[in-house]
Amino acid sequence: MTSDTPHSQPVPAASGAPAPAAREGAGQPLVQLKDVNKHFGDLHVLRNINLEVRKGEVVVVIGPSGSGKSTLCRAINRLETIDDGEILIDGTRLPSEGKQLARLRADVGMVFQSFNLFAHKSILENVTLGPVKVKGTKPAAAKELAMSLLKRVGVDNQAGKLPAQLSGGQQQRVAIARALAMKPKVMLFDEPTSALDPEMINEVLDTMVGLAKEGMTMIVVTHEMGFARKAADRVIFMADGQIVEQATPEEFFTNPKSERARDFLGKILNH
């Protein structure tokens, strides 16, 4: 990855949470959240979130259950609306609805906990549907792209099967291929391994590590600390709807600054 942007420019931090410098080769801000707030009734789930993710950067979001991680992820492509603040993708403010939102959403790939594949369509059809229907790709070109992506995630030999005929790990890799087929600028992963059996987790994480090495911009909500250590450029720690701390994996795991982060790491790393 190359960029005209000096890599010494710091990534703006949430208030009270110093951010490390972007990694060498990281580009311009691709995802920007400015003073974002979100309530569910009386519950304030996102509190004045300020965050920038640069092109080519891999950001892993961790924190206790109920800290706002998944809501943050879902707000970035407007699966959750926000109460105030703004979210920009590649400099364009996220529209609230309509065709503009659909176009911008196509730039933001999303992989969920549950695979969300169409049960009555083949694996190949699942991957070609978006490019044909949303982007107007010709079916033959969409099929060629889909097969190359299915091969990339290691399930091209399953192309004619239905999702139910695949393991959970295979289905999640298909979901990744489906998101990639839209040629997104950024990929969001919301707990992509939490519904998987332990032996299937690594095959999905390995696919994600491969994407990170290729320079895909990624925001990953996960409990997989090994992935955070291996693939992240930056770890964001959330608690009570706020970004409490952000740092490189090395800094975060060896020397967390906040008591909340130390307590969280103490509980998960000792079990």
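The structure we're discussing is the one just above.
Scope of this entry: the structure provided in the associated data block.

What counts, and where the lines are drawn
Residues numbered from 1 in each chain as written. Predicted model: local features only at pLDDT ≥ 70, side-chain atom pairs only at ≥ 80, totals over all residues. Heavy atoms only, no water. Helix = DSSP H or I, 4+ residues; strand = E, 2+ residues; numbered from the N terminus. Contact = heavy atoms within 4.5 Å. Pairing = 2+ DSSP bridges. Axes fitted to C-alpha atoms, helices over the stretch in contact; angles between N-to-C directions. Core = buried A, V, L, I, M, F, W, Y, C linked by side-chain atoms within 4.5 Å. Buried < 20%, exposed > 50% of the residue type's maximum accessible area, 1.4 Å probe, protein only.

## Brief notes about the environment of Ala 179
Item 1. Tracing the sequence through the fold places Ala 179 in helix α5 (residues 168-180).
Item 2. Between the C-alpha atom of Ala 179 and that of Asp 107, which follows or precedes it by 72 residues, the distance is 9.6 Å.
Item 3. In contact with Ala 179, not counting residues within four places along its chain, are Gly 109, Met 110, Val 111, Pro 184 and Met 187.

## Section: the sheet that holds strand β8 (residues 217-221)
Item 1. Ordered by their spatial adjacency, 6 strands build an open sheet running β6-β7-β8-β3-β9-β10, and the pairing between neighbours is mixed. In this open sheet, the two edge strands, each paired with only one partner strand, are β6 (108-111) and β10 (242-247). In this sheet, adjacent strand axes meet at a mean angle of 20° when their direction is disregarded.
Item 2. Bridge count for strand β9 (residues 234-239) against β10 is 5 bridges, and the pairing is antiparallel. Directly across from Ile 236, in β10, lies its bridge partner Gln 246.
Item 3. Running at roughly 170° to β6, α5 makes contact with β6 and β7 (186-190) of the sheet.

## Overview of the pairing of strand β4 (residues 84-89)
If a strand is regular, its side chains alternate between the two faces of the sheet.
Item 1. Here 5 bridges tie strand β1 (residues 29-40) to β4, and the two strands are oriented antiparallel to one another. By the bridge assignment, Gln 32 is partnered in β4 with Leu 88.
Item 2. As defined by bridge partners, β4 adjoins strand β5 (residues 92-93) across 2 bridges and the pair is classed as antiparallel. Bridge assignment links Ile 89 to a residue of β5, and that residue is Thr 92.
Item 3. Here β4 hands over to β5 after 2 residues, with Asp 90 in that stretch at a positive phi of 55°.

## Notes on the nonpolar core
Item 1. Among the nonpolar cores identified, the biggest contains 51 residues, and Ile 176, Met 187 and Met 218 are the most heavily contacted of them.
Item 2. Here the element with the most residues in this core is helix α6 (residues 198-213); it accounts for 8 residues.
Item 3. Contacts of Met 218, omitting those with residues within four sequence positions, involve Glu 57, Val 58, Val 59, Met 187, Phe 189, Met 208, Leu 211, Ala 212 and Phe 227.
Item 4. Core analysis: the second largest hydrophobic core is formed by 30 residues, Val 31, Ile 89, Met 110 and Ile 236 among them.

Shape descriptors only; they carry no functional weight alone.
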